[in-house]
Each structure stands twice: as structure tokens, then as C-alpha cells.
Amino acid sequence: MKILIVNLHSSLNAGDDVLTRVSMDLLQQNFPEAEIMLAMNDPASCPPKAKAVGSFVTWIKPGGSFSIKSILGFGALGISFLLALLYRLFKVKVFSILPDRFQVLLKAYIEADLVVSSAGNFLYSSGRFGIAFLLNIWVIGYALFLGKPVYMMPQTLGPIRHRWEGWLLAFVAKRMRLVGSIDVRGVDI
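Overview of the structure. (Residues numbered from 1 in each chain as written. Predicted model: local features only at pLDDT ≥ 70, side-chain atom pairs only at ≥ 80, totals over all residues. Heavy atoms only, no water.)

**Considerations on the sheet that holds strand S2 (residues 35-40)**
1) Next: Taken in spatial order, the five strands of this open sheet run S3-S2-S1-S4-S6, and their pairing is parallel. Where the open sheet ends on each side, the last strands, each with one partner, are strand S3 (51-54) and strand S6 (150-152). Strand-to-strand twist in this sheet, taken as the mean axis angle between neighbours without regard to direction, amounts to 25°.
2) Next: As judged from the four bridges shared by strand S1 (residues 2-8) and strand S4 (residues 114-117), these two strands associate in the parallel manner. The residue of S4 that forms the bridge with isoleucine 5 is valine 116.
3) Next: Against the sheet, helix H5 (residues 131-145) contacts S1, S4 and S6, and its axis sits at roughly 160° relative to S1. (Pairing = 2+ DSSP bridges. Helix = DSSP H or I, 4+ residues; strand = E, 2+ residues; numbered from the N terminus. Axes fitted to C-alpha atoms, helices over the stretch in contact; angles between N-to-C directions. Contact = heavy atoms within 4.5 Å.)

**A look at the pairing of S4**
1) Next: Alternating positions in S4 separate into two faces, Leu114 and Val116 on one and Val115 and Ser117 on the other, with burial throughout.
2) Next: Relative to S6, S4 is paired through three bridges, and the arrangement is parallel. In the sheet register, serine 117 faces S6, and the bridge partner there is methionine 152. (Buried < 20%, exposed > 50% of the residue type's maximum accessible area, 1.4 Å probe, protein only.)

**A few points about the pattern of salt bridges**
1) Next: A complete count under the given rule lists two salt bridges for this structure.
2) Next: Of the charged contacts in the structure, one is a salt bridge between glutamate 111 and lysine 2, with a shortest N-O distance of 3.4 Å. Taken together, the residues span a long stretch of sequence, with glutamate 111 in helix H4 (residues 100-111) and lysine 2 in strand S1 at a distance of 109 residues.
3) Next: A relative accessible area of 40% means that glutamate 111 is categorised as partly exposed.
4) Next: A salt bridge links aspartate 17 to arginine 21, with the nearest nitrogen and oxygen atoms 2.9 Å apart. (Salt bridge = Lys/Arg side-chain N within 4 Å of Asp/Glu carboxyl O.)

Right, dumping it as C-alpha cells:
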């Protein structure tokens, strides 16, 4: 069994590191034979003996910040959606049209038997345009679109500022497992 843990930031952040290690330990206890892959915003900070790939955030913020290379990352996100569609409809794996650094993450998603969104607090309104929120939702939605079972570790949801964010969060959360009935600014999940 292969498990992909998504929505991980960096092990250089003590809180993120603890949540990552606890998540890995819990999954290993329940699935001792599992091969666990981490999709991290900072894969170089991966805990010892763990395997990591760069997350979708590394596509948009190569080197940790927005740059001219971010345009390539946004384009690759669009292409990754089309590749997921081809996989979902025809079980065709066509990654070679993307650079190697993008292919690794898509292969991890497709090979995963189970996708787990990490514990933490990242599903809330942030910034003027909500790009961080959209990326965090994309990470989960991509796995759902591929037809993967997606579970959520304990997570704070909100605060949600915009109605569209509440709708999007509710849409994705309803399709995940281990999410209780909660209220996100008037949007029942």
C-alpha cells in the first residue's frame, strides 16, 4: 500500500515537523506495510528516513517565492488537470510533456492508494486573492479528481472570508473522509 501525505509545509518549522511525524507514526501503526511519501513545500527538510517530493506549491513558488518561473508552474497546474482527466477517463499516464520536477509529484498521486491531508491549520482565508487557500484546496481536490480516497487528519477550518471560499471548502470536504458536520460561515459541510 502506498500513502501520500499532502499539505505539508516544512520540517524546519517545529510545529509542522511534529504534526508530520505524528501523522506518519499513526499511519505506520495502522498500515505497517505502507510506503509513505510526503508532498512538502520544503522537501529538502524531510524528516530522516522519510521520502518526500515537492508539492504543488513548489511549482508556483520555486525557491520559496513568486518569480517569473511561477508562470511555468501555473501553466503546469493547468496541464496537470488535463493529465488527471486522461488518467481518470482512460487510465493513460502521460507525464513526459512536463519537466521531471513536475512528473515526480503526479506519479506520487497516481501511485497512491490513499491520500491523507496533514493535520494543521491551513484551510482559511488568507491574502487578498486567496492563492494559498486555492492551492491547499487544489492539493486535496486533485486527489479526489483522480478518484483516490482522501482522509483529513485533525484540521482547523476557517475563518472563511468569502462565500466562494466557503462553497469550495464545503464541496471538497463533503467528498473527503473523516470530516464531521461543521458550519463554515453559513455553508453546511
